[in-house]
Amino acid sequence: MAATTLGPSTPFGIDFGGTGIKGAPVDLEVGDFAAERARIRTPKPSTPEVVAGVFRDLLAQFPGSDGPIGVTVPGIVRHGVVGSAANIDPAWVGTDADALFTEATGREVHVVNDADAAGLAEVRYGAARGRRGLVIVTTLGTGIGSALVHDGVLVPNSELGHLEIDGHVAEKRAANSAREREDLSMADWAERLTAYYRHLERLFSPDLFVVGGGISKRADEFLPLLGLDTEIVPATLRNKAGVVGAALYAAGSAGGA
């Protein structure tokens, strides 16, 4: 679809990560891009002001888009203010990103934790679509990101990868990076994942786990090895989840909703 057909009802999602900044307008009826996605390398240094300039350049590629903008950030976000900075410049900590980006772009902008955005997308359009109760979405990558969504409502900034299990921070032993670093077999890694997800079961009694991250493409190699009481399934939106979830978050937050 050509960008010139877009209008104020089409929100825009930006997925801001440590290596790349991806963005596209999103058709919320189907949960997919309304125009071809654009990608720009994350600048070095990736300070808030520099990244705001990249956002302006990215948005200029979609002249027909003027809806609200959602932006993912790999860190804690409270009321638009960034509270941590994983894999991005430390200058982000304490930045009112909502206000900064709204002023820089002249558009209404709402910032959300990256795992939370992916969780929203999976619940609305992906593996957890139509599921009620508590869904915990986890992303297994360099760390473990998490999103808690109850009956479609996000409980933000859960950061469940930072839980301590047997004296260790969970993501240091159970993230995909730990599997790669220690050259673990899928069976050995599955033992660690089982301990992690059983801990989440004891704490939250969820109705469903959804597992994302790049390794979810190989879910059939490790998910069947996990001994859990809770249903666990691979994510389906994969690398679209951040952009789609950010746009969804922006649409829900626009106008103070």
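The structure presented is a predicted model; accordingly, all values stated were derived computationally and were not measured.

We now examine the packing of helix H3 (residues 114-125) against helix H8 (residues 241-253). At their nearest, the axes of H3 and H8 sit 7 Å apart, and the two run at 85 degrees to each other. Between H3 and H8, the angle is such that the two are roughly perpendicular. Contact residues: H3 offers Ala117, Ala118, Leu120, Ala121, Arg124 and Tyr125, while H8 offers Ala241, Gly242, Val244, Gly245, Ala246, Leu248 and Tyr249. Looking at the contact of H3 with H8 residue by residue, the classes come out as 10 nonpolar, 2 polar and 1 charged.

Time to look at the nonpolar core. Leu140, Tyr196, Tyr197 and Phe222 are the most contacted members of the largest nonpolar core, which has 27 residues in total. Secondary-structure elements contributing two or more residues to this core are strand E9 (134-140), strand E10 (144-150), helix H4 (170-174), helix H6 (186-204), strand E14 (208-212) and helix H7 (219-222). Among all residues touching Tyr196, those that are not within four sequence positions of it are Thr138, Ile144, Leu160, Gly161, Ile165, Ala170 and Ala174. Counting 24 residues, the second largest nonpolar core, distinct from the first, contains Ala52, Val77, Ala97 and Phe101.

Turning to the side chain of Asp98, a few remarks are in order. With respect to the helices, strands and loops of the structure, Asp98 is situated in helix H2 (residues 97-105). Buried within the structure, Asp98 lacks any salt-bridge partner; its nearest side chain of opposite charge belongs to Arg78, at an N-O separation of 13 Å. A polar atom in the side chain of Asp98 sits 2.7 Å from the backbone nitrogen of Val111. Those residues in contact with Asp98 that lie beyond four places of it in its chain are Gly80, Val109, His110 and Val111.

Calculation notes
- Residues numbered from 1 in each chain as written.
- Predicted model: local features only at pLDDT ≥ 70, side-chain atom pairs only at ≥ 80, totals over all residues.
- Heavy atoms only, no water.
- Axes fitted to C-alpha atoms, helices over the stretch in contact; angles between N-to-C directions.
- Helix = DSSP H or I, 4+ residues; strand = E, 2+ residues; numbered from the N terminus.
- Parallel < 35°, antiparallel > 145°, perpendicular 65-115°, else oblique.
- Contact = heavy atoms within 4.5 Å.
- Nonpolar A, V, L, I, M, F, W, Y, C, P; charged D, E, K, R; others polar.
- Core = buried A, V, L, I, M, F, W, Y, C linked by side-chain atoms within 4.5 Å.
- Buried < 20%, exposed > 50% of the residue type's maximum accessible area, 1.4 Å probe, protein only.
- Lys, Arg positive; Asp, Glu negative; His and termini not counted.
- Salt bridge = Lys/Arg side-chain N within 4 Å of Asp/Glu carboxyl O.
- Polar contact = N/O pair within 3.5 Å; in protein donor to acceptor, adjacent residues only side chain to side chain.

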